Amino acid sequence: MGANDGEVYILRPDEEGDTDDEEAWVSPQPASRVVLEAVAEAVDGDVDDFDDLDAYVDLDDLAAVFDEDDVDDITFSVEDHDVTVDATGDVTVDAAD
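My aim in this report is to walk through the structure given alongside it, one point at a time. (Residues numbered from 1 in each chain as written. Predicted model: local features only at pLDDT ≥ 70, side-chain atom pairs only at ≥ 80, totals over all residues. Heavy atoms only, no water.)

Our focus in this paragraph is a negative patch on the surface. Taken together, the side chains of Asp46, Asp48, Asp49, Asp51, Asp52, Asp54, Asp58, Asp60, Asp61, Glu79 and Asp80 define an acidic patch exposed on the protein surface. Inspection of the secondary structure puts aspartate 46 in the loop between helix H1 (31-42) and helix H2 (59-67). (Patch = residues over 30% accessible without salt bridge, like charges linked within 9 Å, V, L, I, M, F, W, Y side chains within 5 Å. Areas by Shrake-Rupley, 256 points an atom, 1.4 Å probe, with all protein chains shown as cover. Salt bridge = Lys/Arg side-chain N within 4 Å of Asp/Glu carboxyl O. Lys, Arg positive; Asp, Glu negative; His and termini not counted. Charge placed at Lys NZ, Arg CZ, Asp CG, Glu CD. Helix = DSSP H or I, 4+ residues; strand = E, 2+ residues; numbered from the N terminus.)

Pasting the structure below:
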């Protein structure tokens, strides 16, 4: 989903539901929470250790991943880690080269 009021939302499976169920509920979640939680988990840190998401990536570019057919994913750096977000809302965190 696109940027609304400066925030980008990602449609993700309901955390309480069965993620293998094709008819499972999905809910919009703030990309800032989803991305920074993934980074915090990867580095065994805390979300509060990081700046706001817009300090690392242009939110319009991130929103384009979900709004446009020609953009499959975006990769950006968060505190020496490469973060990739794809159009399905999957977030991958790898150590930066």
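Before going further, it helps to examine the pairing of strand S4 (residues 73-78). The alternating pattern of S4 places Ile74, Phe76 and Val78 on a buried face, while none of Asp73, Thr75 and Ser77, on the opposite face, is buried. Hairpin connection, S4 to strand S5 (residues 81-86): the antiparallel pair is bridged by two residues, and glutamate 79 has positive phi, about 45°. (Buried < 20%, exposed > 50% of the residue type's maximum accessible area, 1.4 Å probe, protein only. Pairing = 2+ DSSP bridges.)

Now for the side chain of glutamate 7. Tracing the backbone shows glutamate 7 in strand S2 (residues 7-13). Buried within the structure, glutamate 7 lacks any salt-bridge partner; arginine 33 is the closest side chain of opposite charge, at an N-O distance of 9.5 Å. A polar atom in the side chain of glutamate 7 sits 3.1 Å from the side chain of serine 32. (Polar contact = N/O pair within 3.5 Å; in protein donor to acceptor, adjacent residues only side chain to side chain.)

All right, on to the pairing of strand S6 (residues 91-95) then. Relative to S6, S5 is paired through five bridges, and the arrangement is antiparallel. When the bridges of S6 are listed, valine 83 appears paired with valine 93. Between S5 and S6, which pair antiparallel and follow one another directly, the connecting turn spans four residues, one of which, glycine 89, has a positive phi of 95°.

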